[in-house]
Amino acid sequence: MGTINALRSLGFIRRLSLTHRLLALTLVAAVPGLLALAYNAVDLRKARYAEVHDEALRNTQLAVSELDQIFGGVRGILHAVSQAAEVRQDNTEICSGYVTRVRKGQDALTSILILNLDGSVRCYSEARSSNAYLGDRDYFQNVLKTKTFSVGTFTASRVSDRNLVPVALPLLNGGNVEGVVMAGLNLQWLGRQLRERSAARGSAITVADRDGIIVSREPSPEKYIGSRIVPSGLPFVTAPSAGSAEIESPDGTTRIAGYVPASLTPFGLYVSTGISRDEVMRPIDDATRRSLLLFALGSLVALVLAWLVGEGMIRQPLMKVVATAEAWRRGHDMARTGITDRDDEIGLLGQTFDRLMDESQQRERERETAEARREILVHELAHRVKNTLATVQSIASLSFRHSQGPEALRGFQERLQALVRSHDLLTQRNWENADMADIMKVAVATLREESHRFTLSGPSVDLPPTSAVPIAMIMHELCTNAMKYGALSNENGAVEIRWSTTLDERGTAVSLTWSESGGPTVERPQQEGFGTRLITNLTRQMHGSAESRYPPSGLVCHIRFITPKAEPRDQAGASRATA
């Protein structure tokens, strides 16, 4: 089943367009970035979480230290009272007057009492006397037992009916307890002291007695003082050690709180400071959301750019190549991609495709040209056979005109051999490179001995096949015509052949002139013969031209052509002249 699904997925991918594949690749490339972003966010939250736990515990320990100073001050007040002579007298009025004066200068205390050993009130700062009995209070019993400063639990005072935390110190005389100095800690004042050191928004400070009753809390003390800590927080009140944890506050806020159990504080109260988890994590969450938003925007921009690149720089040029190939398939051989302004792979593809079509079109033109040339050669073959026969007849006529003896026969045979040599030169060289002078010599060799009737002059020019073959054919044609109708048709005529070369950006430009003189009077033919058409076509093949003039003195033919690979070997223009 898994293999089938994989094959189906592969088929789906193959059906995707190039642009869609580029978009998919962009999305795949974005996945590592998203994973890295998620990892960084989680790692940052963990680090911040551990940092806040440490910070909460430090804040709690600082609060314990400050509360210890507060209770130390209260203890100092009670100690000073315990040393006063007024409280050791049996005179209730003097005692009450003294503690009243002391209490008025101390906002930290709600009242000061002097208790007898049986728990009755000896004197009271708020009244001359009180009938309240405090001998059953735990702090009272603890003072008598330990003879040290003691802090009680949250309670409603039997003397003033106010909620307070009682503190007590023994009256010692030579190591014996004579009574107890007791005071009520002002919880409103304690709250103000804690409020002054309140930390960041969302933080809270809680002070509770060893029973878990809240004696002070900031903020909103009026809601929580006298209530019990939530059940989830009670284990920390009696925990064996200080620490930090996530605690659900009574207001429903989850806080990362540091705590010190009541048994570990010098004053016997539980202290906790909490920092709102949402508040401390909000900057990280906001930063994570911003990062995700920026990542999403960046991914969107990347997708848009990928789509634009896929459409504009990849798909459209490729479709242009496809459209061009389709146009060629329908026979529009002039269609091209036109991709010439790009150097990348697609540009290389388009340019290669265009070159391929150019070369294909060029080969087609060459095929057509070769076909036309073949037709010409077929006609030329027939024409050349006739010319050869005419040449043989002319040679025979010249050879046997005045003599019928062996000498005439020998001349006739030599002229025939010269004609054969002109064909042999081209055949031996496979119609490849041949020197201009050699071609001329072979072409006119049949009549060279006739009173120096030929003059050849021009620099050495090495003709490639595309030039050597046409020139040999043109010279043979001109010789044949001269023997039949021109200067070579009588005994007095002469022919001058001269050529020159100039440099051309396409190769070497050759200018050749065939001049006849001393022959019969010539006239322009009434119609163009096959020989003239042949000369014209051959010169056009060599990117040149042929022009014939017919003055009475004899034919003058100017031939111009371009030979791409030939270079004059005689740069000084030294000429070869033969008669």
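Everything here concerns the structure above.
In this text the structure is predicted, and so the values were computed from the model without any measurement.

Calculation criteria
Residues numbered from 1 in each chain as written. Predicted model: local features only at pLDDT ≥ 70, side-chain atom pairs only at ≥ 80, totals over all residues. Heavy atoms only, no water. Helix = DSSP H or I, 4+ residues; strand = E, 2+ residues; numbered from the N terminus. Buried < 20%, exposed > 50% of the residue type's maximum accessible area, 1.4 Å probe, protein only. Contact = heavy atoms within 4.5 Å. Areas by Shrake-Rupley, 256 points an atom, 1.4 Å probe, with all protein chains shown as cover. Patch = residues over 30% accessible without salt bridge, like charges linked within 9 Å, V, L, I, M, F, W, Y side chains within 5 Å. Salt bridge = Lys/Arg side-chain N within 4 Å of Asp/Glu carboxyl O. Phe/Tyr/Trp six-rings, centres within 6.5 Å; stacked < 30°, edge-to-face > 60°. Axes fitted to C-alpha atoms, helices over the stretch in contact; angles between N-to-C directions. Parallel < 35°, antiparallel > 145°, perpendicular 65-115°, else oblique. Left-handed = near helix turned anticlockwise from the far one by under 90°. Nonpolar A, V, L, I, M, F, W, Y, C, P; charged D, E, K, R; others polar. Disulfide = S-S within 2.5 Å. Polar contact = N/O pair within 3.5 Å; in protein donor to acceptor, adjacent residues only side chain to side chain.

**Quick look at the overall build of the protein**
Secondary structure summary: the protein contains 13 helices and 18 strands in total. Counting only residues that meet the buried cut, the protein has 42% of its 579 residues in that class. Taking as baseline every contact in the protein between residues at least 6 positions apart, the subset at least 24 positions apart corresponds to 60%. Accessible area of the protein: about 31100 Å², with a carbon and sulfur share of 55%.

**Here's the deal with a nonpolar patch on the surface**
Together, Leu300, Val301, Val304, Leu305, Trp307 and Leu308 make up a nonpolar patch on the protein surface, roughly 560 Å² of accessible area in all. Among the secondary structure elements, Trp307 is positioned in helix H8 (residues 277-329).

**As for the packing of aromatic side chains**
A complete count under the given rule lists 3 aromatic pairs for this structure. Seen from their ring centres, Phe71 and Phe267 are 5.0 Å apart, and the 15° between their planes marks the pair as stacked. Here Phe71 is found in helix H2 (residues 18-83), whereas its partner Phe267 is found in the loop between strand S10 (254-260) and strand S11 (270-276), with 196 residues between them in sequence. When the ring of Phe454 is compared with that of Trp514, the centres are 6.3 Å apart and the planes differ by 70°; the resulting orientation is edge-to-face. Residue Phe454 is found in strand S13 (residues 454-457), and its partner Trp514 is found in strand S16 (residues 507-517); the two are separated by 60 residues along the sequence. A relative accessible area of 1% means that Phe454 is categorised as buried. According to the relative accessible area criterion, Trp514 is buried, its value standing at 0%.

**A closer look at unusual backbone geometry**
Despite not being glycine, Lys147 shows a phi value in the positive range, around 55°. As for its position among the elements, Lys147 is in the loop between helix H4 (138-146) and strand S3 (150-151).

**Considering the pattern of salt bridges**
Applying the stated criterion to the full structure yields 3 salt bridges. A salt bridge links Asp138 to Arg210, with the shortest nitrogen-to-oxygen separation between them at 3.5 Å. In this pair, Asp138 is assigned in helix H4 and Arg210 in the loop between strand S7 (203-208) and strand S8 (214-218), connecting sequence segments 72 residues apart. Here Arg210 falls in the partly exposed class, since its relative accessible area comes to 36%. With its nearest N and O atoms 3.2 Å apart, the salt bridge here joins Asp504 to Arg506.

**Examining the packing of helix H11 (residues 436-444) against helix H12 (residues 465-484)**
Think of two packed helices as two axes; the pair is described by the angle between the axes and how far apart they sit. It is at 9 Å that the axes of H11 and H12 come closest, and there the two elements cross at 30°. Relative to H12, the element H11 lies roughly parallel. Note on packing geometry: the crossing formed by H11 with H12 is right-handed. Contacts from Met436, Ile439, Met440, Ala443 and Val444 of H11 reach H12 at Ala468, Ile471, Ala472, Met475 and Cys479. Across the contact of H11 with H12, the residue classes break down as 10 nonpolar, no polar and no charged.

**Describing the environment of Val556**
Topologically, Val556 is positioned in strand S18 (residues 556-563). Looking at Val556, the relative accessible area reads 11%, which means it is buried. Between the C-alpha atoms of Val556 and Val495, which are 61 residues apart in sequence, the distance is 9.6 Å. Setting aside anything within four residues of it in sequence, one finds Val556 in contact with Thr513, Trp514, Ser515, Glu547, Ser548, Arg549 and Pro551.

**What to know about the state of the cysteines**
Between two cysteines, a covalent bond joining their sulfur atoms is known as a disulfide. Inspection of the entire model under this criterion finds 1 disulfide. Note on cysteine connectivity: Cys95 is disulfide-linked to Cys123, with sulfurs 1.8 Å apart. In this pair, Cys95 sits in helix H3 (residues 92-104) while Cys123 sits in strand S2 (residues 121-124), placing the two residues 28 residues apart along the sequence. Accessibility classification places Cys95 together with Cys123 in one group, the buried group.

**Notes on the side chain of Arg453**
Along the chain, Arg453 turns up in the loop between H11 and S13. At 2.3 Å, the side chain of Arg453 and the backbone oxygen of Asn490 are in polar contact. A polar side-chain atom of Arg453 sits 2.8 Å from the main-chain carbonyl oxygen of Gly493. Beyond its immediate sequence surroundings of up to four residues, Arg453 is in contact with Ala487, Leu488, Asn490, Glu491, Asn492, Gly493, Ala494 and Val495.

Remember, this is a structural readout, not a statement about activity or role.
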